[in-house]
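# Reading the structure
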Amino acid sequence: MRYYLVAGEASGDLHASLLMRALRERDHEAQFRCFGGDLMAQEGGTLVKHYRELAYMGFIPVLLHLKTILKGMELCKHDIAEWHPDAVILVDYPGFNLDIAKYVHQRRLCPVYYYIAPKIWAWKEYRIRRIRRDVDEMFSILPFEVAYFEQKHHYPIHYVGNPTAQEVREWLSTAHPSPLAHQASARPVIALLAGSRRQEIRDNLPAMIEATRHLADRYQVVLAGAPSIDEAYYEPYIKGTHVSLVMNQTYQLLAQSTAALVTSGTATLETCMFGVPQVVCYFTRMKHLVGILRRLVLQVKYVSLVNLIANGKVVTELVAESFSVDNIRRELEQILPGGSRRQQMLSDYEDIKDRLGQSDAPSQAAELMTELLRSRLQKVPLDD
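Calculation criteria
- Residues numbered from 1 in each chain as written.
- Predicted model: local features only at pLDDT ≥ 70, side-chain atom pairs only at ≥ 80, totals over all residues.
- Heavy atoms only, no water.
- Phe/Tyr/Trp six-rings, centres within 6.5 Å; stacked < 30°, edge-to-face > 60°.
- Helix = DSSP H or I, 4+ residues; strand = E, 2+ residues; numbered from the N terminus.
- Buried < 20%, exposed > 50% of the residue type's maximum accessible area, 1.4 Å probe, protein only.
- Lys NZ or Arg CZ within 6 Å of the ring centre and 35° of its normal.
- Contact = heavy atoms within 4.5 Å.
- Pairing = 2+ DSSP bridges.
- Axes fitted to C-alpha atoms, helices over the stretch in contact; angles between N-to-C directions.
- pLDDT = per-residue confidence, 0-100.
- Arc of directions from axis to C-beta.

## Considerations on the packing of aromatic side chains
Using the criterion set out here, one finds 14 aromatic pairs in the structure. Between Phe283 and Phe323, the aromatic rings sit 5.6 Å apart at their centres with planes inclined by 75°, giving edge-to-face as the arrangement. Pair noted here: Phe283 is in the loop between β12 (278-282) and α13 (287-297) and Phe323 is in the loop between β13 (316-319) and α15 (325-335), with a separation of 40 residues, a long-range link. Given a relative accessible area of 6%, Phe323 falls into the buried group. Taken together, the ring pairs connect Phe35, Tyr93 and Phe96 into an aromatic cluster. Between the NZ or CZ atom of Arg2 and the centre of the ring of Trp83, over which it lies, the distance is 4.3 Å. Lys124 extends its terminal NZ or CZ atom over the ring of Trp123, reaching a point 4.5 Å from the ring centre.

## A few points about the side chain of Ser304
Tracing the chain through its elements places Ser304 in the loop between α13 and α14 (305-310). Overall, Ser304 belongs to the buried group, its relative accessible area being 0%. Beyond its immediate sequence surroundings of up to four residues, Ser304 is in contact with Ser264, Thr268, Val280, Val315 and Glu317.

## Some words on the sheet that holds strand β4 (residues 87-91)
Spatial strand order, β3-β2-β1-β4-β5-β6-β7: seven strands in an open sheet with parallel pairing. On the outer flanks of this sheet lie β3 (46-50) and β7 (158-159), each paired with one strand and no other. Relative to strand β5 (residues 112-115), β4 runs parallel, the two sharing four bridges. Residue pairing in the sheet places Leu90 in a bridge with Tyr114 of β5. Most of the contacts of helix α17 (residues 361-379) go to β5, to which it runs at about 170°, and overall it touches β1 (2-7), β4, β5, β6 (137-140) and β7.

## Describing the confidence of the model for the chain
Looking at the chain as a whole, the pLDDT averages 89, with 89% of positions reaching at least 70. pLDDT under 50 marks residues 288-297. Its contacts with residues more than four places away, or in other chains, come to 15 contacts.

## Thoughts on the sheet that holds β13
On the basis of which strands lie adjacent, the open sheet formed by six strands has the order β10-β9-β8-β11-β12-β13 and parallel pairing. The open sheet has two edge strands, β10 (243-247) and β13, and neither has a second partner. Here the average twist between neighbouring strands, direction ignored, is 25°. Pairing geometry for strand β8 (residues 189-193) and strand β9 (residues 220-225), over four bridges, is parallel. In the strand pairing of β9, Ile190 is matched with Val221. With respect to the sheet, helix α12 (residues 266-273) is in contact with β8, β11 (257-263) and β12, its orientation differing from that of β11 by roughly 165°.

## Structural notes on helix α10 (residues 231-238)
Along α10, the residues that are buried comprise Tyr233, Tyr234 and Ile238. Burial along α10 is one-sided: seen end-on, the buried residues are contained in an arc of 120°. Opposite its buried face, α10 presents the exposed residues Ala232 and Pro236, each directed more than 90 degrees away. Buried residues belonging to α10 abut α9 (198-212), β9 and β10. A positive backbone phi angle near 80° is found at Gly240, which sits one or two residues after α10.

Structural data, given as structure tokens:
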């Protein structure tokens, strides 16, 4: 069968690539075409456009690059119609993907499967109308989404397990941690995970560096370079500081870290799965206004996956008006060895792991997708 996948950032590229691998194990004739990244291409997907050309975040950057984004969207729609896939599989990235879902559904081109549900429980809940109308099957990776979609909105979904949890478990079971590249000493490590987009790095990294300066004599402070960012981009931020950089070694870094400062996103869950106490940091401009809007607009109390899954405060979130160098420094000291919050956080991490379960998310999703497609094909009447 022919599968068309759309992913819009580095994490989506990873999750989509693993799903492609699992689909091929169940469908040896599988063909893939995609908007995505290098990992999807490595799994045999014909890459139509790389996500780096469309990955803009925030109102102003999106507005400035709107023409590019709209051109990419039109290319994707046209390419799907020309290729005639048996299914379109959308991976997160709702601002782009829900428009693709509408196009495919209106023209009845093929079923639309959504892997990694849009986070409408956080904001833009009105999108449920588009999901109900345009998405044939939803495959969720967060356990609390089942009650949200099925009980609140009466929209049945499939919880398939969490791919991040599975990826970390597999890495831990097969990897043999070795010293990090450029590791300077045997001192314990504090990891900095400053985001996967340039804007996030620009906004968060300087404060993270400043907040760890007083610990440079006791700890190595190591920055994890994001796969979508060139190494040279980090140089102005870390030149002349106590911070070293490692590229493409995030799991290796977390496996050897004592604590971490993490920009909100998938990295918060990865850090939890590695058992590394963390402080979540997310800078916003006009922070006091954003803080007010956050309380008025967001439908959830938390921004980090760790706290959302736990349905409670496991990690401290320094967002909007609470984001400051002094606050980051103080909260970091509380999760270092001997700190007042360290042991409770590690204990709470175990509960989160239990909630996520042991399912292999890509395999579970691929099994369901191929069953649904085969069942659908059997019901399609043959031409006379």
